[in-house]
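Understanding the architecture of this molecule
Given next are the chains, with one letter for each unit.
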Amino acid sequence: MALAAASGPGQPTALWPASAVLAQAPAQVPAAPNPAAPDSAAADTQVQALVSRVEAAAAEVRRRGEEAFATFRRRGAPWFEGESYIVVLGSDGRSVVYPPDLRGEGLNYKEFQDLGGKPFGRQILAVAESPSGRGWVHYQWRRPIAGDRRPVWKATYVERVTAPSGRTYLVLSGLYELPMVKAFVVDAVESAAALLQREGRGAFEALRDPLGPFFYQDTYVFVLDRNGTLLLNPAFPALEGRSLLSWPDPAERAIAAASLKAVLRDGSTWTTYSWPRPSASKLPERKTTYLRRVVAPGGEVLIVGSGLYAGG
C-alpha cells in the first residue's frame, strides 16, 4: 500500500500507488552522491541568501558596469569568501570574471560539460536567454579545494543584466552539496511548463533527457493529461499510459481525483505522498510534489510536476 501524508493548509493530501512501482527497475539517471540532508529551513536560508547575493551583484553591474568586476575578484571582499564567489560571463558565454583562478577568464562556458557529461554551459546560456533571464542550473563539479576530487552536485543561480555600456552579462554564483529545496522544484516545473506551452508533447524528448536540465540528484519532471493519465515519467517509464484514476484501491482513486481537481481549478498545488527514489531503494519515501497546469498548443491541457524527498 502507498502511504498517505497530510499536506499543508489548502493543499490536498495525496495518496499515490507507490506499490505499483516497487517491483519495477528504475530508469538510469546520472550517478552522483546524494548530500546528507541538513535542516530544510537552513537549506532554504542558504538558497535565499545565494539568490540575494546574485541579485545584489547584478545590481552592481547594472549601476557600475565593468568597474564592478575588480571588486568581485578581490578575495576576502563580500563577493568572494571561501567557496562562495561571483562569476560573470559575457552574452556569448565567455567568462570575464572568475575569481578562483584568473586564468579561467576568457574561457567559453558554452562548451563546458560537467563530470557526468551534462552540457551545463549551454544550460546557463539557455536560462539567461529565457524571458525572465534568471533561474537555476544543476550540475556535478569538484569543490575548489586542493586534493578534493569528489564530484558533487552544485546548484548555480543565474541572472542576466545589462550594464551602462549596453553590454549584456550573466551574473552567477553557486553552492555545493545542497539538498533539494522547494525553490528548485518550482523552478524545474515552471521551466518545463514554459517548454510544454511552446512545444506541447514535442517537449517530451527534452524532458526525458538524462543530461538535460530537468534531471539532477533524484529530481525529474513528469506529465499527466487532464484525466490523470501518466504521459511521461522518465524515471519510471513502465507506468506511462496508466491513469491515476484507475488504481484498484478506491481511496487512492479518490485522493488522486482530489489532487487533479485542485490543480485544474487553481492552476498549481502542492501535494505529499510516498514514492521510491529513482536512484536508490525501491522502498517508498515521503515525497512532496509541485503540480502545475499547462495549456499546450492546440488547447491540450497538461499537468506537469516534480518533487523532493523528505531525506533531501
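Everything below is about the structure printed above this text.
Residues numbered from 1 in each chain as written. Predicted model: local features only at pLDDT ≥ 70, side-chain atom pairs only at ≥ 80, totals over all residues. Heavy atoms only, no water.

Let's talk about the packing of aromatic side chains
Under the criterion given, the structure shown has 15 aromatic pairs. Ring geometry for Y85 against Y98: centres 6.0 Å apart, planes inclined by 80°, an arrangement best described as edge-to-face. Residue Y85 is found in strand β2 (residues 84-85), and its partner Y98 is found in the loop between β4 (95-97) and α3 (120-129); the two are separated by 13 residues along the sequence. Taken individually, Y85 and Y98 each receive the classification buried, so the pair is uniform in this respect. Among the aromatic residues, ring-to-ring pairing joins Y109, F112, F120, Y139 and W141 into one connected group. The positively charged end of K182 is found above the aromatic ring belonging to W270, 4.6 Å away from the centroid. (Phe/Tyr/Trp six-rings, centres within 6.5 Å; stacked < 30°, edge-to-face > 60°. Helix = DSSP H or I, 4+ residues; strand = E, 2+ residues; numbered from the N terminus. Buried < 20%, exposed > 50% of the residue type's maximum accessible area, 1.4 Å probe, protein only. Lys NZ or Arg CZ within 6 Å of the ring centre and 35° of its normal.)

Some details on the pairing of strand β5 (residues 134-141)
Burial analysis of β5 places 6 of its 8 residues in the buried class, which makes it a mostly covered element. Here 8 bridges tie β5 to strand β6 (residues 152-162), and the two strands are oriented antiparallel to one another. Considered in β6, the bridge of H138 is made with A155. (Pairing = 2+ DSSP bridges.)

Brief notes about the sheet that holds β4
Here 5 strands make up an open sheet; going across it, the order is β4-β3-β7-β6-β5 and the pairing antiparallel. Of all strands in the sheet, those with a lone pairing partner are β4 and β5, marking the two edges. Strand-to-strand twist of the sheet, defined as the mean angle between neighbouring strand axes without regard to direction, takes the value 35°. For strand β3 (residues 87-90) and strand β7 (residues 168-176), the ladder comprises 4 bridges, and the chain directions are antiparallel. Directly across from G90, in β7, lies its bridge partner Y169. Against the sheet, helix α1 (residues 40-64) touches β5, β6 and β7, its axis set at about 30° to β6. (Axes fitted to C-alpha atoms, helices over the stretch in contact; angles between N-to-C directions. Contact = heavy atoms within 4.5 Å.)

Things to note about the environment of L231
Following the sequence through the fold, L231 ends up in strand β9 (residues 230-232). L231 has contacts with R201, F204, R208, V223, L224, D225, E240 and L302, leaving out every residue within four places of it along the chain.

Some details on unusual backbone geometry
Peptide bonds are, in most cases, trans, and in most cases residues other than glycine have a negative phi. The phi torsion at E177 lies on the positive side, around 55°, for a residue other than glycine. Looking at the element boundaries, E177 is found in the loop between β7 and α4 (182-199). Although it is not a glycine, Q217 adopts a positive phi angle of roughly 45°. Looking at the secondary structure, you find Q217 in the loop between α5 (204-208) and β8 (222-225).

Re the sheet that holds strand β11 (residues 285-295)
Spatially, the 5 strands line up as an open sheet ordered β9-β8-β12-β11-β10, and their pairing is antiparallel. Both outer strands of the open sheet, β9 and β10 (268-275), are each paired with one neighbouring strand and no more. Strand-to-strand twist in this sheet, taken as the mean axis angle between neighbours without regard to direction, amounts to 35°. Sheet analysis places β8 next to strand β12 (residues 301-309), joined by 4 bridges and oriented antiparallel. Counted as the bridge partner of F222 is G305 from β12. Where α4 meets the sheet, its contacts fall on β8, β10, β11 and β12, and the angle it forms with β11 comes to roughly 30°.

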